[in-house]
Amino acid sequence: MGRGVADGATALIADPTRARMLALILASPEGRATVTALADELGLRQPTVSHHAKALHDQGVLERTPEGRRAWYSIAPTELDRVRGVLGQPGAAPPDDAVVDRIVGDLAQRFAGTFARETVARYVRESLELVSEHAPGSARLASRTAGFAAERLSALAAQRAATRGTPEVLFVCVQNAGRSQMAAAILRHLAGDRVHVRTAGSEPAGEVSPGILSALDEIGVPTGGEFPKPLTDEVVRAADVVITMGCGDACPVYPGKRYLDWELDDPVGQPTTRVRDIRDDIDRRVRQLLAELD
């Protein structure tokens, strides 16, 4: 989600009335509530509550589900961590030492013969710090840490390989929540195992934008549980092709690689029609890239 959109949502949540509404929805057994129920609990008129609910819905904080003559409001899954943080309700605790040790053990087994356990442990703990920094309070810190560490170790292993038959492509944008995720998802979908695809962000957001997921779903392209990741040196070194999208000079330049800069508007926070236009532009560029790689 774009920085301006993210800040706007946080400001909306911090409003005292809206914060009380969200707290009531969080506390409800079903995780949802109607305007009527919220108005009764808050002692406010229904039009007032409807106004606040619409503002939160328009910003993507609330989801609206009509059922007959009633409409239920629930907190959008992608906004739960932010809502909990603003309301002072912490998300999941960081993984404990036992979980971290398990991640290290699993990855040490996966990369046996390539990296020593000490190397794996260093990358896991460093990855945990990076993920925690960019997605504080996330309920999926353990799985994100494991995935991010595995990707970095895979990139490092690719550098060490004497020959590689599979081209490596890295897409980089600012927040790794929009353009780069779209491009990577489309390329993975079209190329399968013929291309190894990675993404990163110079200033990664906490989640992939819901609007991006919807736009990809419209054309039948899955994201496979991807999440924004920080840009690290080993993923750049491993890439054969590095494609940047609005991140300026954040990406280091190494000899022997192909660098492309795709000038694309950031789709995050844009109207649906504009997001579709950007998606289709990315789709065209990705198909051209794949033809060149093949």
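Provided above is the structure to which this section pertains.
What counts and what doesn't
Residues numbered from 1 in each chain as written. Predicted model: local features only at pLDDT ≥ 70, side-chain atom pairs only at ≥ 80, totals over all residues. Heavy atoms only, no water. Helix = DSSP H or I, 4+ residues; strand = E, 2+ residues; numbered from the N terminus. Rg over C-alpha atoms; globule rule 2.2 N^0.38 Å. Buried < 20%, exposed > 50% of the residue type's maximum accessible area, 1.4 Å probe, protein only. Contact = heavy atoms within 4.5 Å. Areas by Shrake-Rupley, 256 points an atom, 1.4 Å probe, with all protein chains shown as cover. Lys, Arg positive; Asp, Glu negative; His and termini not counted. Charge placed at Lys NZ, Arg CZ, Asp CG, Glu CD. Axes fitted to C-alpha atoms, helices over the stretch in contact; angles between N-to-C directions. Parallel < 35°, antiparallel > 145°, perpendicular 65-115°, else oblique. Left-handed = near helix turned anticlockwise from the far one by under 90°. Arc of directions from axis to C-beta. Pairing = 2+ DSSP bridges. Salt bridge = Lys/Arg side-chain N within 4 Å of Asp/Glu carboxyl O.

> I'd like to hear about the overall build of the protein chain, residue by residue, with values.
Counting its regular elements, the protein chain contains twelve helices and seven strands. Its C-alpha atoms give the protein chain a radius of gyration of 21 Å, within 12% of the compact-globule value 19 Å for 294 residues. Each of the three principal axes of the protein chain carries a C-alpha extent, and together these read 70 × 45 × 35 Å. Per-residue burial over the protein chain gives 44% buried out of 294 residues. Counting only contacts in the protein chain whose residues sit at least 6 apart along the sequence, the fraction spanning at least 24 positions is 67%. Of the roughly 14300 Å² that the protein chain leaves accessible, carbon and sulfur atoms contribute 49%. Looking at the protein chain, you have 35 positive and 40 negative side-chain charges, and the mean spots of the two groups are 2 Å apart.

> Any details on the environment of Val86? Residues and values, ideally.
By the element assignment, Val86 lies in helix 5 (residues 80-87). On the accessibility criterion, Val86 (31% relative accessible area) is partly exposed. Taking C-alpha positions, Val86 is 6.4 Å from Ala14, a pair spaced 72 residues apart along the chain. Setting aside chain neighbours within four positions, we find Val86 in contact with Thr10, Ile13 and Ala14.

> Before we move on, could you go through the environment of Val236 and cite the residues and values that matter?
Mapped onto the elements, Val236 comes out in helix 11 (residues 233-238). Placed 81 residues apart in sequence, Val236 and Ala155 show a C-alpha to C-alpha distance of 8.4 Å. Excluding residues within four positions of it along the chain, Val236 makes contact with Leu170, Leu231, Val242, Cys251, Pro252, Tyr254, Lys257 and Tyr259.

> So what's going on with the packing of helix 9 (residues 179-191) against helix 10 (residues 210-218)? Which residues, and what values?
Two packed helices can be described by the angle between their axes and the distance between those axes. Between helix 9 and helix 10, whose axes approach to 10 Å, the crossing angle comes to 25°. Taken together, the axes of helix 9 and helix 10 are roughly parallel relative to one another. For the element pair helix 9 and helix 10, the recorded crossing hand is right-handed. Contacts between helix 9 and helix 10 involve Gln181, Met182, Ala185 and Ile186 from the former and Ile212, Ala215 and Leu216 from the latter.

> Residues and numbers for helix 3 (residues 35-42), please.
Those residues of helix 3 that sit buried are Val35, Leu38, Ala39 and Leu42. Here the buried residues of helix 3 occupy an arc of 100° about the axis, which is enough to place them on one side. Opposite the packed face of helix 3, turned more than 90 degrees from it, sit the exposed residues Asp40 and Glu41. Along its buried surface, helix 3 packs onto helix 2 (16-27), strand 1 (32-34), helix 4 (46-58) and strand 3 (70-75). Where helix 3 terminates, the next one or two residues include Gly43, which has phi positive at roughly 70°.

> Hey, could you go over the sheet that holds strand 3 for me, with residue numbers and the actual values?
One open sheet accounts for three strands, arranged 1-3-2; its pairing is antiparallel. In this open sheet, the two strands that pair with only one neighbour each are strand 1 and strand 2 (62-67). Averaged over all neighbouring strand pairs, the angle between strand axes comes to 30°, with direction disregarded. When strand 2 meets strand 3, the two strands line up antiparallel, connected through six bridges. Directly across from Glu63, in strand 3, lies its bridge partner Ser74. Taken strand by strand, helix 3 contacts strand 1 and strand 3, and its axis lies near 85° from that of strand 1. Against the sheet, helix 4 contacts strand 2 and strand 3, and its axis sits at roughly 115° relative to strand 2.

> Talk me through the sheet that holds strand 4 (residues 168-173); I want residue IDs and the actual numbers.
The four strands are arranged 5-4-6-7 in an open sheet whose pairing can be described as parallel. Where the open sheet ends on each side, the last strands, each with one partner, are strand 5 (196-201) and strand 7 (258-261). When the angles between neighbouring strand axes are averaged without regard to direction, this sheet yields 20°. Examined bridge by bridge, strand 6 (residues 241-245) and strand 7 share four bridges and lie parallel to one another. Its bridge partner lying in strand 7, Thr244 is registered against Asp261. Those strands touched by helix 9 are strand 4, strand 5 and strand 6, and its axis lies near 175° from that of strand 5.

> Explain the pattern of salt bridges to me, using residue names and the numbers behind them.
Under the counting rule described, the total for this entry stands at 20 salt bridges. The salt bridge involving Asp58 is made with Lys54; its shortest N-O contact spans 2.8 Å. Of this pair, Asp58 and Lys54 are both found in helix 4, four residues apart, which corresponds to roughly one turn of the helix. The pair formed by Asp58 and Lys54 is uniform in burial state, with each residue classed as exposed. The salt bridge partner of Asp281 is Arg285, with a shortest N-O separation of 3.1 Å. Separated by four residues within a single helix, Asp281 and Arg285 lie in helix 12 (residues 272-293), roughly one turn from each other.

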